[in-house]
Amino acid sequence: MNSCRTVHELMEQARDERLPTLVQAAFDSHLGSCPDCARLAVLESGMNEGFAALRADDLETEVPSDFRRQVKERLLASDRSSLPAPAHWASGFTAGLAAAACMVLVAVAVFAMRGGLETESPAVIQASRASNSLPIEPMLLDSRTAPLLYSTPEVEVIYDGSRRYGASSQAMRPAAASADAEETERPKVRREYHF
Amino acid sequence: MTARQQGPVSTGLSAGGTDVSDQQLMERVCRGEAAAFDTIVKRYERRIVAYLIRIVGEREEALDCSQEVFVRVYTKAQLYDPSSPFKAWLYRIATNAGLDALRKRRRRRWTSLDGTLFKVTADNPAAGSASPAALSSEPPAPAGNAETDVLASERTQLVRRAIGTLPEKYRTAVVLRDLQELSYQDIAGVLDCSIGTVKSRVNRARNLLREKLAAHAGPAGFASPAGEVP
């Protein structure tokens, strides 16, 4: 063994007495002939003895007598922190939840008005369509127009379960229109109201 | 959780339940048995405190971190994989807690109350590291005046101080290997890196230690009087 680098690499194994006999002999022989490696070995040995002393110190490390009690107190504190949020946080959370719920309701309503009802036309409307050859114009109603629709004599309101559909048997006249002749010339249109 | 079957654990810390393996204790902790958790704390409190003193350098801070470590052991018990060594898992938690403490200290030092930046001085070459002066848990000098005892004590102090001046990643590696005596594989798990990286860091740390100690070592080794580690 004539490489100082090899000796350096074997230092740890030599310390732990893990070198094979022949390698250990070559290792010792090199140390006997190389002052630099011999000095390094002395340093390594001193360092290892220092490590051993520190390990012994570690086992004697003083831990406060109330250490475990303090750990338990921290645990209790962390349990408290994992409980439901404080009031200010909870109120914010509730407000957010309410806002989210409103958004979901709006989305459902928009879906129902735009597409849902078209694809899920109730049987009563289908029957009405089948019996009436006039084209149907869907119209969206809101809370302001719905009461007006109820009060209009031309409109027939049909109830179907939870949904209500209003359908006119003839064209609704615009509020601005006044000439009867003009009305008679206009093609009749059947309007379907969803709300 | 299924506890890995293994023999009794001998940790050198005989406080409570040495005939029960760590895995079995953790299984009980998961079931909410306070006594099992108490045994875990008893078994490892000294080692964890000593380890964190080496990492963070200040006893009070190390005690604070140690408590946090055991709180995490309890609250994260369900995350422990019984097929892996408990010791590696525990030291991983401890290492993270120690490094977190160092980072917080570094931030505190860089932002002083009057807004001036902390100045890195020769006495404190690495802000946030465990300064030699902070490693104040040195045991008293041995009784008696035998020259060998004095030299041995002096050597231990030198090694202690030299470890405190190592860069964080080297200090952690060498402390886990040479003081806590974890295997390279366990250290790789603790530090979340490859075994090759661990070996490289440990080797680099030892080389740095040798360089630091060489300045104080006389021809016969560590025979020079006490002095600051360069």
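How each quantity is defined
- The residue count restarts for each chain, going from 1 along the sequence in the order it is written.
- Chain letters and ligand numbers both follow the written order, the letters beginning at A and the numbers at 1.
- For this predicted model, a pLDDT threshold of at least 70 governs which residues receive local features, and a threshold of 80 or more governs which side-chain atom pairs are given and counted, while totals over whole chains, interfaces and linings are taken from all residues.
- Computation of side-chain values: all heavy atoms of the structure, hydrogens and water removed.
- A run of H or I in DSSP becomes a helix once it reaches four residues, and a run of E becomes a strand once it reaches two; helices and strands are each numbered from the N terminus.
- Exposure categories follow from relative accessible area, calculated using a 1.4 Å probe and restricted to protein chains: below 20% of the type maximum is buried, above 50% is exposed, and the middle band is partly exposed.
- Accessibility throughout is a Shrake-Rupley quantity obtained with a 1.4 Å probe, and a residue counts as covered only by protein chains that appear here.
- For this analysis, residues touch if any pair of their heavy atoms sits within 4.5 Å.
- Buried area: the accessible area, evaluated with a 1.4 Å probe, that two parts lose upon being put together, summed over both parts.
- Salt bridges are identified by distance alone: a Lys or Arg side-chain nitrogen within 4 Å of an Asp or Glu carboxyl oxygen.
- Pairs of N or O atoms within 3.5 Å make up the polar contacts considered here, provided that, within protein, one atom can donate a hydrogen while the other can accept it, and that residues adjacent in sequence are counted only when both atoms are side-chain atoms.
- For this text, the term disulfide refers to a pair of cysteine sulfurs within 2.5 Å.
- A helix is expected to span 1.5 Å multiplied by its residue count minus one.
- The nonpolar core is taken to be a set of buried Ala, Val, Leu, Ile, Met, Phe, Trp, Tyr and Cys residues, with the residues joined through side-chain atoms within 4.5 Å.
- Across the chain, each position has a pLDDT score giving the predictor's confidence in that residue, from 0 to 100.
- Helix axes are fitted only over the stretch in contact, all axes being lines through C-alpha atoms; the angle between N-to-C directions runs from 0 to 180 degrees.
- For classification, angles of less than 35 degrees are called roughly parallel, those exceeding 145 degrees roughly antiparallel, those between 65 and 115 degrees roughly perpendicular, and all remaining angles oblique.
- Three classes are used: nonpolar for Ala, Val, Leu, Ile, Met, Phe, Trp, Tyr, Cys and Pro, charged for Asp, Glu, Lys and Arg, and polar for all others, with Gly counted as polar.

## Considering the overall build of chain A
Broken down by element type, chain A carries 8 helices and 4 strands. For chain A, the α and β elements follow one another from N to C terminus as α-α-α-α-α-α-β-α-β-β-α-β. Counting the 195 residues in chain A, one finds 26% classified as buried. As displayed, chain A offers around 12,700 Å² of accessible surface, 59% of which is attributable to carbon and sulfur atoms.

## Observations regarding the interface of chain B and chain A
Taken together, the contacts link 44 residues of chain B with 32 residues of chain A. Here chain B packs against chain A, burying approximately 3,500 Å² in sum over the two surfaces, 60% of which is carbon and sulfur. The largest per-residue losses of area from chain B upon contact with chain A belong to Arg46, Gln67 and Arg210 of chain B, which jointly make up 19% of the total buried on that side. Inspection of the chain B/chain A interface yields 9 salt bridges. One salt bridge in this structure joins arginine 74 of chain A and glutamate 68 of chain B, with 3.0 Å as the shortest N-O distance. Run the count over chain B and chain A and you get 13 residue pairs in polar contact (both at pLDDT 80 or more). Among the secondary structure elements, those contributing two or more residues to the side of chain B that touches chain A are α2 (34-56), α3 (59-75), α5 (147-165), α6 (168-179) and α8 (195-214) of chain B.

## Considering the state of the cysteines
Simply put, the disulfide is a covalent bond whose two ends are the sulfur atoms of two cysteines. Residues and elements named next belong to chain A. One pass over the structure, following the stated rule, counts 0 disulfides over all chains. Take cysteine 34: it sits in no disulfide, and the sulfur closest to it among the cysteines is that of cysteine 37, at 3.6 Å. Residue cysteine 34 is classed as buried on the basis of its relative accessible area, which comes to 11%.

## Examining the pattern of salt bridges
Taken as a whole and judged by the stated rule, the model has 21 salt bridges over all chains. Aspartate 66 of chain A serves as the salt-bridge partner of arginine 69 of chain A, at 3.0 Å between the closest nitrogen and oxygen. Overall, arginine 69 of chain A belongs to the partly exposed group, its relative accessible area being 44%. According to the relative accessible area criterion, aspartate 66 of chain A is partly exposed, its value standing at 22%. Three or more residues are tied together by salt bridges with common partners; here these are Arg74 of chain A together with Asp64, Glu68, Arg72, Asp100 and Arg103 of chain B.

## What about unusual backbone geometry?
Residue and element names in this part refer to chain B. Positive phi is not limited to glycine here, since glutamate 181 has a value of about 60°. Relative to the helices and strands, glutamate 181 resides in the loop between α6 and α7 (184-191). Look at glutamate 181 and you get exposed, because its relative accessible area is 52%. Positive phi, close to 55°, is recorded for aspartate 192, a residue that is not glycine. Position of aspartate 192 relative to the elements: it lies in the loop between α7 and α8. On the basis of relative accessibility, which here comes to 58%, the residue aspartate 192 falls in the exposed class.

## Points about α6 of chain B
Because each turn of an α-helix spans 3.6 residues, side chains separated by three or four positions in sequence point in the same direction. All names here are of chain B. Given a rise of 1.5 Å per residue, 12 residues ought to cover 16 Å, and the 15 Å separating the end C-alpha atoms of α6 matches this to within 8%. Most of α6 is tucked away, with 10 of its 12 residues classed as buried. Two residues or fewer after α6 comes glutamate 181, characterised by a positive phi angle close to 60°.

## Overview of helix α1 (residues 4-15) of chain A
Residue and element names in this part refer to chain A. Here α1 spans 16 Å end to end across 12 residues, near enough to the 16 Å set by a 1.5 Å rise per residue. Inspection of α1 places Val7, Leu10, Met11, Glu12 and Ala14 among the buried residues, and these make up the whole buried set. Taking the backbone nitrogen of arginine 5 as reference, a side-chain oxygen 3.3 Å away marks serine 3 as the first, capping residue of α1. Following α1 by one or two positions, glutamate 17 adopts a phi angle in the positive range, close to 55°.

## Quick notes on the nonpolar core
Core analysis: the largest hydrophobic core is formed by 69 residues, its most contacted members being Met26, Ile48, Val69 and Phe70 of chain B. Excluding anything up to four places from it in sequence, valine 69 of chain B contacts Ile48, Leu52, Leu90, Ile93, Ala94 and Ala97 of chain B. In this structure, Val7, Leu10, Leu40 and Ala41 of chain A belong to the second largest nonpolar core, which totals 11 residues.

## Section: the confidence of the model for chain A
Parts of the model with low pLDDT should not have their predicted coordinates read in detail. Summarising the model, chain A shows a mean pLDDT of 66, and 47% of its residues fall at 70 or more. For the stretch residues 118-152 of chain A, pLDDT sits under 50, and the model shows 53 contacts to residues farther than four places along the chain or on other chains.

## Comments concerning the packing of helix α3 (residues 35-59) of chain A against α6 of chain B
For the pair α3 of chain A and α6 of chain B, interaxial distance at closest approach is 10 Å and the crossing angle is 80°. It follows that α3 of chain A is roughly perpendicular to α6 of chain B by the angle criterion. Residues Phe51, Leu54, Arg55 and Asp58 of chain A of α3 of chain A pack against Val174, Asp178 and Leu179 of chain B of α6 of chain B. Residue composition of the contact of α3 of chain A with α6 of chain B, grouped by class: 4 nonpolar, no polar and 3 charged.

## Some details on the side chain of threonine 61 of chain A
Mapped onto the elements of the fold, threonine 61 of chain A is located in the loop between α3 and α4 (67-81). Accessibility expressed as a relative area gives 9% for threonine 61 of chain A, which makes it buried. Of note is the side chain of threonine 61 of chain A, whose polar atom sits 2.7 Å from the backbone oxygen of aspartate 58 of chain A. In contact with threonine 61 of chain A, not counting residues within four places along its chain, are Arg46, Val49, Ala50, Ile53 and Arg59 of chain B.

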